[in-house]
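Here is how the chains run, residue by residue.
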Amino acid sequence: MVTTIPTDAPQDRGSEQSIEQKAVAGLSQGALVRRRFFRHAGAMAALIVLILVILLAFTSVGTVIGGTGRLQASGDGSLSINGFRIPGWWPLDWWTSYPIVNAGQPTLTWFPFSLGEHPFGQDTLGKDVFAQVMRGTQQSLTVMFLVGTVSLILGVLFGALSGFFRGWVDSLIMRFTDVIIIIPIIVIGSIMGKLFGGNAVVFGIFLGVLSWTGLARLVRGDFLALREREFVDAARVAGASNGRIIFRHILPNAVGIIIVNTTLLMSAAVLTEAALSFLGFGITAPDVSLGQIISEYREAFRTRPWLFWWPGLFIVILALCINFIGDGLRDAFDPRQQAKVSSRKANRAIAAIPSSQAVMMVEGPTSSDDEPYMDEFGGGSLPEPGPAGDRRPGREDDQP
């Protein structure tokens, strides 16, 4: 492999830069983060799958805005959900019992692809499992994003104030954080689920209120280190207020650890909601969640296993997607991550170096026997002649 590097370029022009440094020269920090994230194959695949799951869940059976989510009798005697429901493209709902089709087994076929009347099957009452799983996925997504949002706001706020001001402010916030840490989330989540009837919005907010402590400690540690840096002193000298220093100077430098840990909290929220709903303390009937579906049909595991396949599959998909996205963000914000430079970009960087300031370098040790570099115009510096008698066979100057 032949690589061209500058030799006699001035030091202030970056003559000692590597090919990797030249490939990212002129890019801002945000552009570098986006570039690393978009090149992370696992994170991009997980992001695409997550977007598809969100679109499928919220467009198929529609969504309910406001209300209690409980069933209520209409004027004609039929049941409906309390709240404003935006209908979706799937004609069936998750609370109505329909005639049993195909002995309740899934009607989904792959070759040729067809959803059928009940692609995920039916339970013994005739309820459509596809509609139930989509509604349960909506609930899990709602809880996941609410936990991430509430934890992000509280964790960043308390962690930033504690790490920046230190002193009695730090002591007060950290003691309050210790009190929140010792509260068992499972117990409080169970109580809130029973009190509010399993409303996903209330459930997600309360889980977020109890989940921000780890993020706050990480943000505090980052702020304690960053507040001693030179750019913070320069901002103080320039007359910047404390709020401007926190949110405009220090916080952007801690955004990497914040985003990564927020995604981990969101992934844990999916599993916590499913566990509480499985135990009957999370989202309860008549609404549904993925954990509740598994709990309701756990006695039929041997005879109708499809009742477990689909809710379990979507729980795994949501948790894995968030974890892979978090891994991609961690690598993207890590400045020590060096992406491999492709041969095409390496050749492009090589071609950008002036020929009068380049030599041909061969990997491994070099010797005086290397051919001298000559550019297309016949220019180039010749190597110093070796000692007398050091002649290589086959050269024109060796001919008599």
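Residues numbered from 1 in each chain as written. Predicted model: local features only at pLDDT ≥ 70, side-chain atom pairs only at ≥ 80, totals over all residues. Heavy atoms only, no water.

### Some words on the overall build of the chain
Move 1: Along its length, the chain carries 14 helices and eight strands.
Move 2: Counting all 400 residues of the chain, 39% fall into the buried class.
Move 3: Across the chain, contacts joining residues at least 24 apart in sequence account for 67% of those joining residues at least 6 apart.
Move 4: With the model as given, the accessible surface of the chain reaches about 22400 Å², and the carbon-plus-sulfur share is 63%. (Helix = DSSP H or I, 4+ residues; strand = E, 2+ residues; numbered from the N terminus. Buried < 20%, exposed > 50% of the residue type's maximum accessible area, 1.4 Å probe, protein only. Contact = heavy atoms within 4.5 Å. Areas by Shrake-Rupley, 256 points an atom, 1.4 Å probe, with all protein chains shown as cover.)

### Quick word on the nonpolar core
Move 1: Grouped together as the largest cluster of nonpolar side chains are 46 residues, with contacts concentrated most on Leu50, Trp94, Phe120, Val133, Met134, Leu307 and Phe314.
Move 2: Within the residue set of this core, elements represented by two or more residues are helix 2 (29–38), helix 3 (41–60), helix 4 (129–165), helix 11 (255–279), helix 12 (290–296) and helix 13 (306–333).
Move 3: Ranked by the residues each element gives to this core, the list is headed by helix 13, at 12 residues.
Move 4: Not counting the four nearest positions on each side in its chain, Phe120 is found in contact with Pro106, Val129, Phe130, Val133, Met134, Trp306, Trp310 and Phe314. (Core = buried A, V, L, I, M, F, W, Y, C linked by side-chain atoms within 4.5 Å.)

### Considering the packing of helix 8 (residues 213–226) against helix 11
Move 1: Two numbers describe how helix 8 lies on helix 11: the axes approach to 10 Å, and their chain directions differ by 170 degrees. What the angle tells us is that helix 8 and helix 11 run roughly antiparallel. In contact with Leu215, Leu218, Val219 and Asp222 of helix 8, helix 11 contributes Ile257, Ile258, Asn261, Thr262 and Leu265.
Move 2: The residue makeup of the contact of helix 8 with helix 11, split by class, is six nonpolar, two polar and one charged. (Axes fitted to C-alpha atoms, helices over the stretch in contact; angles between N-to-C directions. Parallel < 35°, antiparallel > 145°, perpendicular 65-115°, else oblique. Nonpolar A, V, L, I, M, F, W, Y, C, P; charged D, E, K, R; others polar.)

### Here we look at helix 10 (residues 242–250)
Move 1: Within helix 10, the full set of buried residues consists of Ile245, Ile246 and Ile250. Down the axis of helix 10, the buried set is contained in an arc of 95 degrees. They therefore lie on one face. Turned more than 90 degrees off the buried face of helix 10, the exposed positions are Phe247 and Arg248.
Move 2: Buried residues belonging to helix 10 abut helix 4, helix 8 and helix 9 (230–237). (Arc of directions from axis to C-beta.)

### Describing unusual backbone geometry
Move 1: Look at the link from Phe111 to Pro112: it is a cis peptide, with omega at -5 degrees.
Move 2: Positive phi, close to 60 degrees, is recorded for Asn102, a residue that is not glycine.
Move 3: Using a relative accessible area of 43% as the deciding quantity, one classes Asn102 as partly exposed.
Move 4: Not every positive phi belongs to a glycine, and Arg166 is a case in point at roughly 55 degrees.
Move 5: Inspection of the secondary structure puts Arg166 in the loop between helix 4 and helix 5 (167–181).
Move 6: Residue classification places Arg166 among the partly exposed positions, given a relative accessible area of 37%.

### A look at the pattern of salt bridges
Close approach of charged atoms allows side chains of opposite charge to pair.
Move 1: Within the structure shown, the criterion is met by nine salt bridges.
Move 2: Among the charged side chains, a salt-bridge network with shared partners connects Arg166, Arg227 and Glu228. (Salt bridge = Lys/Arg side-chain N within 4 Å of Asp/Glu carboxyl O.)

### A word on a nonpolar patch on the surface
Move 1: Judged by side-chain polarity, Ile48, Ile51, Leu52 and Leu55 come together as a nonpolar surface patch covering roughly 380 Å² of accessible area.
Move 2: With respect to the helices, strands and loops of the structure, Leu55 is situated in helix 3.
Move 3: Under the relative-accessibility criterion, Leu55 is labelled partly exposed at 49%. (Patch = residues over 30% accessible without salt bridge, like charges linked within 9 Å, V, L, I, M, F, W, Y side chains within 5 Å.)

### Remarks on the environment of Asp327
Move 1: By the element assignment, Asp327 lies in helix 13.
Move 2: Spatially, the C-alpha atom of Asp327 lies 9.0 Å from that of His40, the residues being 287 residues apart in sequence.

### Looking at the environment of Leu161
Move 1: Its place among the elements puts Leu161 in helix 4.
Move 2: A C-alpha to C-alpha distance of 8.4 Å links Leu161 and Ile246, two positions 85 residues apart in sequence.
Move 3: Residues contacting Leu161, with those up to four places away along its chain left out, are Arg166, Val169 and Ile173.

### With respect to the packing of aromatic side chains
Move 1: The full count for this structure, using the stated rule, is 13 aromatic pairs.
Move 2: Seen in terms of ring centroids, Trp110 and Phe113 are 5.9 Å apart; in terms of plane orientation they differ by 45 degrees. Their pairing is tilted. Assigned by exposure class, Trp110 and Phe113 land together as exposed.
Move 3: Note on Phe120 and Phe130: the rings are 5.1 Å apart at their centroids and 75 degrees apart in plane angle, and the pair reads as edge-to-face. Taken together, the residues Phe120 in the loop between strand 7 (113–114) and helix 4 and Phe130 in helix 4 connect sequence positions 10 residues apart. The burial state of Phe120 is the same as that of Phe130; both residues are buried.
Move 4: A cation sits over an aromatic face here: Arg227 above Phe164, 5.6 Å from the ring centre. (Phe/Tyr/Trp six-rings, centres within 6.5 Å; stacked < 30°, edge-to-face > 60°. Lys NZ or Arg CZ within 6 Å of the ring centre and 35° of its normal.)

### Let's talk about the environment of Trp95
Move 1: Mapping Trp95 onto the fold places it in the loop between strand 5 (84–86) and strand 6 (109–110).
Move 2: For the pair Trp95 and Ile81, spaced 14 residues apart in sequence, the C-alpha to C-alpha distance is 8.9 Å.
Move 3: Those residues in contact with Trp95, other than ones at most four positions away along the chain, are Leu71, Leu79, Ser80, Ile81, Arg85 and Lys127.
Move 4: Only 3.4 Å separates the side chain of Trp95 from the side chain of Thr96, close enough to count as a polar contact. (Polar contact = N/O pair within 3.5 Å; in protein donor to acceptor, adjacent residues only side chain to side chain.)

### A look at the side chain of Gln139
Move 1: The topology assignment puts Gln139 in helix 4.
Move 2: Excluding residues that lie within four positions of it along the chain, Gln139 makes contacts with Ala200, Ile283, Asp287, Val288 and Ser289.

### Considerations on the packing of helix 4 against helix 5
Packed helices, taken two at a time, are described by the angle between their axes plus the distance between the axes.
Move 1: The N-to-C vectors of helix 4 and helix 5 enclose an angle of 145 degrees; their axes lie 7 Å apart at closest approach. Crossing hand, helix 4 versus helix 5: left-handed. Contacts from Phe158, Leu161, Ser162 and Phe165 in helix 4 reach Gly167, Val169, Asp170, Ile173, Met174 and Phe176 in helix 5.
Move 2: Residue composition of the contact of helix 4 with helix 5, by class: seven nonpolar, two polar and one charged. (Left-handed = near helix turned anticlockwise from the far one by under 90°.)

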